[in-house]
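# Descriptive analysis of the structure
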Amino acid sequence: MNAFWLSYLTVREAVFKGTLLFFFAVANVIIAFFIFAIDSTNGDLSIFGNPITPRGISDFNAVDFLFLQLFSGSTFWVILFGLFATAGLIPAMLEKGTVELYVSKPISRPLLLMSRSVGACAGIALNLVYFALAIWLIIGVKTGIWHQGFLLASLTVIPLFFFYYSVVALIALVSNSTGFSIMFALVFWFFSSALHVREMALYPWWDNPVFHRLLDSLYYATPQISAMLESATKLIGPDIMRRPTALAQGGFDPLPFLYSLLSSSLLYAIASWRFSRKDY
Amino acid sequence: MAIVEISNLTKTYTTGVIKKTPIKALSEVSLSVNQGEIFGLLGPNGAGKTTLIKILLSIVFPTSGTATVLAHPLGSVEIRKNIGYLPENHRYPSFLTAIDTMKHFGRLSGIPSQTLRERTQSLLALVGLADWHRVKIRKFSKGMLQRLGLAVAMLNDPKILFLDEPTDGVDPIGRKEIRDILRSLRSLGKTVFLNSHMLSEVEEISDRVAILNKGQLLHVGTIADITSHQLEYEIHLLTPTSTEVISQLSSFCESVRQEKAILHVIVNERIDFQKVLDILRRERVEIESFSPRKSRLEDYFLRVITTGVE
């Protein structure tokens, strides 16, 4: 019960800070755009009268194409906004005068940290669910196509963000700095994307098996942001914009989520261990 | 019955990234606090007072030594269930109202909903915030925040209350009300561990005090012990006396100080004061009046801190 109230207060704090409200406002602008811009009255899907056609692939469903574009674009902004909206929540809890109020209560420090992290991610999840449901409903009503893949793919962003947040939580705990946590998390995101394509992008740097195994280890020891996004995209349809040949085959792959669950658990465990032993 | 037992507690912090420099915040501190007493912890800034309280509440971990609170070892969740804590410069979430703050921290203490509702109302009334319960606390003054902090600390009906500068920023009327609350808690058998810079306040309500300086415990004792240790008198003269007379008095008095036409004399025995009067009469010093002055905690505190001698 304690954990629930702590998470609830974290959501309220994020709302109070305005970043989640900004997130909500942006979501509403996009929703409003879709209400007025999307049209399929003559059978073809169009935005402000311009037909949506997948570039160079004539037999590709226009609705799938729209959802794919939406998912690819919006997840980037959701994660980025989410990072800015929530990275300060753990340093705020650790501020002098605040941390004493929490750690003197009969609640363990690991539970405190996890409740705070869950609360941070819950705020993002609420916005995300609201946004995805609204878009799904608008396009569903206008086209008559109820695309479950888009809803499922959107939902996978919630665990993805929670796994990613383990990096933020650990760095915030060590550095006590919101700015540093955001910068490190952005660098990690970039690094994670590079690790995802390490065979092509990083192996050639140094043709050494030890170096290659080190990169492999880093890949599996940290949340796999790009791999999770790529896998989630397959719930909508083949990612024709990125790597048509590779992605045309195979469906949703849960392994990146499983590996990320394990690696983020490790990062949360390290953060909890550090938090449990630190003087405040 | 001792409710807090501290034995050889030492805390060393380290500073510096490459070259670690140890700083001893507490050094071999041993003391005990009894049930139902108000125990004052005194010391200048950086003496280790807050560190001692934080160690007892497992906010800071000791380098060595042991302690028990309510017969539980440090770190036990049972301690945190049964204590109330008002930290120095606390920062409650400013977007909450007073009542929301009470509810939130009450829930974290595991207080059942019905009890929490009842205690929230009664405690806000007790600290004089009943009319402010729906106001966001970012609009509160420092004194109001202190009152709220005290109410939150008392929510779980704690057996021990740890208060770090509870009257900081509170007006004189509010300070008196807080003192009255602490006295009523004592009458209910609660223990209050009070950390304050307000020496007169500590003197007024504490049963016993401990004086810390640079992490070392210099003294533990009752207020009565400290304030009746020596006899101090003020002698009002018609004109200031000579330095020869002062030096005669200084030969057997603990301290002699002249401010304009007032002599401040500290003696160890009552008979010594009679000798002071005899000398003044013999030297034809005209005395207008004299009065005994009880040695205050502040005098004792300043002497112990500056000289290290009790």
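Here the structure is a predicted model, which means the values were calculated and not measured.

This brings us to the overall build of chain A. For chain A, the helix and strand inventory stands at 13 helices and three strands. Against the globule reference of 19 Å for 280 residues, chain A gives a C-alpha radius of gyration of 21 Å, in line with a compact fold. Structurally, chain A occupies a C-alpha span of about 65 × 50 × 30 Å along its principal axes. When each of the 280 residues of chain A is scored for burial, the buried share is 38%. Taking the contacts inside chain A whose residues are at least 6 apart along the sequence as the reference set, 77% of them involve residues at least 24 apart.

For the rest of this paragraph, the subject is the sheet that holds strand 1 (residues 38-39) of chain A. Residue and element names in this part refer to chain A. An order of 1-2-3 is seen for the three strands of this open sheet, with the pairing classed as antiparallel. The open sheet has two free edges, formed respectively by strand 1 and strand 3 (50-51), since each of these has just one partner strand. With two bridges connecting them, strand 1 and strand 2 (residues 46-47) associate as antiparallel partners. Residue pairing in the sheet places Ile38 in a bridge with Ile47 of strand 2.

All names here are of chain B. Located in the positive-phi region is Glu28, a residue other than glycine, with phi close to 50°. Along the chain, Glu28 falls in strand 2 (residues 21-34). A positive phi angle is found at Leu70, which is not glycine, with a value near 55°. On the basis of neighbour count, Leu70 is assigned to the partly exposed category, with 17 C-beta atoms found within 10 Å.

This brings us to the sheet that holds strand 1 (residues 2-15) of chain B. Residue and element names in this part refer to chain B. What the four strands build is an open sheet, ordered 2-1-4-5; its pairing is antiparallel. Sheet topology places strand 2 and strand 5 (72-73) at the edges, where each strand pairs with a single neighbour. Where strand 1 and strand 4 (residues 64-69) come together, five bridges link them in antiparallel fashion. Within strand 4, the position partnered with Val4 by the bridge is Val69.

When the domains of chain B are assigned, the result is domain 1 (2-226) and domain 2 (230-294). For domain 1 of chain B versus domain 2 of chain B, the distance between C-alpha centres works out to 43 Å.

We now examine the packing of helix 7 (residues 148-175) of chain A against helix 11 (residues 225-233) of chain A. All names here are of chain A. Their axes nearest at 9 Å, the elements helix 7 and helix 11 cross at an angle of 170°. When the interaxial angle is binned, helix 7 and helix 11 end up roughly antiparallel. In contact with Ala153, Thr156, Val157, Leu160 and Tyr164 of helix 7, helix 11 contributes Ile225, Met228, Ala232 and Thr233.

With that settled, the discussion passes to the pairing of strand 8 (residues 191-195) of chain B. Residue and element names in this part refer to chain B. Most of strand 8 sits inside the fold, with five of its five residues counted as buried. Judged by which residues are buried, strand 8 turns out to be covered on both faces: Thr191, Phe193 and Asn195 on one side and Val192 and Leu194 on the other are all buried. Of the pairings in the sheet, the one linking strand 3 (residues 38-42) to strand 8 comprises four bridges and is parallel in character. Note that in strand 8 the partner of Gly40 across the bridge is Leu194. Inspection of the sheet shows strand 7 (residues 160-164) paired to strand 8 by five bridges, in the parallel sense. Residue pairing in the sheet places Phe162 in a bridge with Phe193 of strand 8.

All right, on to the pairing of strand 1 of chain B then. Residues and elements named next belong to chain B. As defined by bridge partners, strand 1 adjoins strand 2 across 10 bridges and the pair is classed as antiparallel. Residue pairing across strands places Thr12 opposite Lys24, the latter belonging to strand 2. Connecting the antiparallel pair strand 1 and strand 2 is a turn made up of five residues, with Gly16 showing a positive phi of about 95°.

This brings us to the confidence of the model for chain A. Residues and elements named next belong to chain A. Looking at chain A, the pLDDT average stands at 88 and 92% of residues meet or exceed 70. The secondary-structure element of chain A with the lowest mean pLDDT is helix 12 (residues 244-247), recorded at 44, while helix 13 (residues 255-276) shows the highest, at 96. Long-range and interchain partners of residues 240-248, a stretch whose pLDDT sits below 50, account for 10 contacts in this model, where long-range means more than four residues apart.

Time to look at the interface of chain B and chain A. Taken together, the contact pairs 21 residues of chain B with 20 residues of chain A. Contributing elements (two or more residues each) for the side of chain B that touches chain A: helix 2 (77-81) and helix 3 (98-108) of chain B. Ranked by the residues each element gives to the side of chain B that touches chain A, the list is headed by helix 3 of chain B, at four residues. When the residues that make up the side of chain B that touches chain A are grouped by side-chain class, the tally is 12 nonpolar, five polar and four charged.

Our focus in this paragraph is the nonpolar core. Within soluble globular proteins, side chains that are nonpolar tend to cluster in buried spots. Core analysis: the biggest nonpolar cluster contains 138 residues, and A:Ala169, B:Leu148, B:Ala151, B:Phe162 and B:Phe193 have the highest contact counts within it. Ranked by the residues each element gives to this core, the list is headed by helix 7 of chain A, at 16 residues. In this structure, B:Phe193 is in contact with B:Val33, B:Phe39, B:Leu41, B:Ile53, B:Ile160, B:Leu161 and B:Phe162, ignoring residues within four places of it in sequence. Formed by 10 residues, the second largest nonpolar core is a distinct cluster that contains B:Ile235, B:Val245, B:Leu249 and B:Val267.

With that settled, consider helix 6 (residues 172-187) of chain B. Residue and element names in this part refer to chain B. With 16 residues, helix 6 extends 23 Å from end C-alpha to end C-alpha; this agrees with the ideal 22 Å at 1.5 Å per step. For helix 6, the full list of buried residues reads Ile178, Ile181 and Leu182. Taken down its axis, helix 6 places every buried residue within 95° of arc, on the same side. Turned more than 90 degrees off the buried face of helix 6, the exposed positions are Pro172, Ile173, Asp180, Ser184 and Ser187. Of the surrounding elements, those touching the buried residues of helix 6 are strand 3, helix 4 (113-126), helix 5 (142-153), strand 8 and helix 7 (199-205). Looking one or two residues past helix 6, Gly189 carries a phi angle of roughly 90°, positive in sign.

Turning our eyes to something else, we now look at helix 13 of chain A. All names here are of chain A. The end-to-end C-alpha separation of helix 13 is 31 Å, in line with the 32 Å expected for 22 residues at 1.5 Å each. For helix 13, the full list of buried residues reads Pro256, Phe257, Ser260, Ser263, Ser264, Leu267, Tyr268, Ala271, Ser272 and Phe275. Residues of helix 13 that are buried sit in contact with helix 6 (109-143), helix 7, helix 10 (209-221) and helix 11.

What counts as what
- Residues numbered from 1 in each chain as written.
- Chains lettered and ligands numbered in written order.
- Predicted model: local features only at pLDDT ≥ 70, side-chain atom pairs only at ≥ 80, totals over all residues.
- Helix = DSSP H or I, 4+ residues; strand = E, 2+ residues; numbered from the N terminus.
- Rg over C-alpha atoms; globule rule 2.2 N^0.38 Å.
- Buried ≥ 20, exposed ≤ 12 C-beta atoms within 10 Å, placed from the backbone.
- Contact = placed C-beta atoms within 7 Å.
- Pairing = 2+ DSSP bridges.
- Domains from an automatic or database assignment.
- Axes fitted to C-alpha atoms, helices over the stretch in contact; angles between N-to-C directions.
- Parallel < 35°, antiparallel > 145°, perpendicular 65-115°, else oblique.
- pLDDT = per-residue confidence, 0-100.
- Nonpolar A, V, L, I, M, F, W, Y, C, P; charged D, E, K, R; others polar.
- Core = buried A, V, L, I, M, F, W, Y, C linked by C-beta atoms within 7 Å.
- Expected span 1.5 Å × (residues − 1).
- Arc of directions from axis to C-beta.

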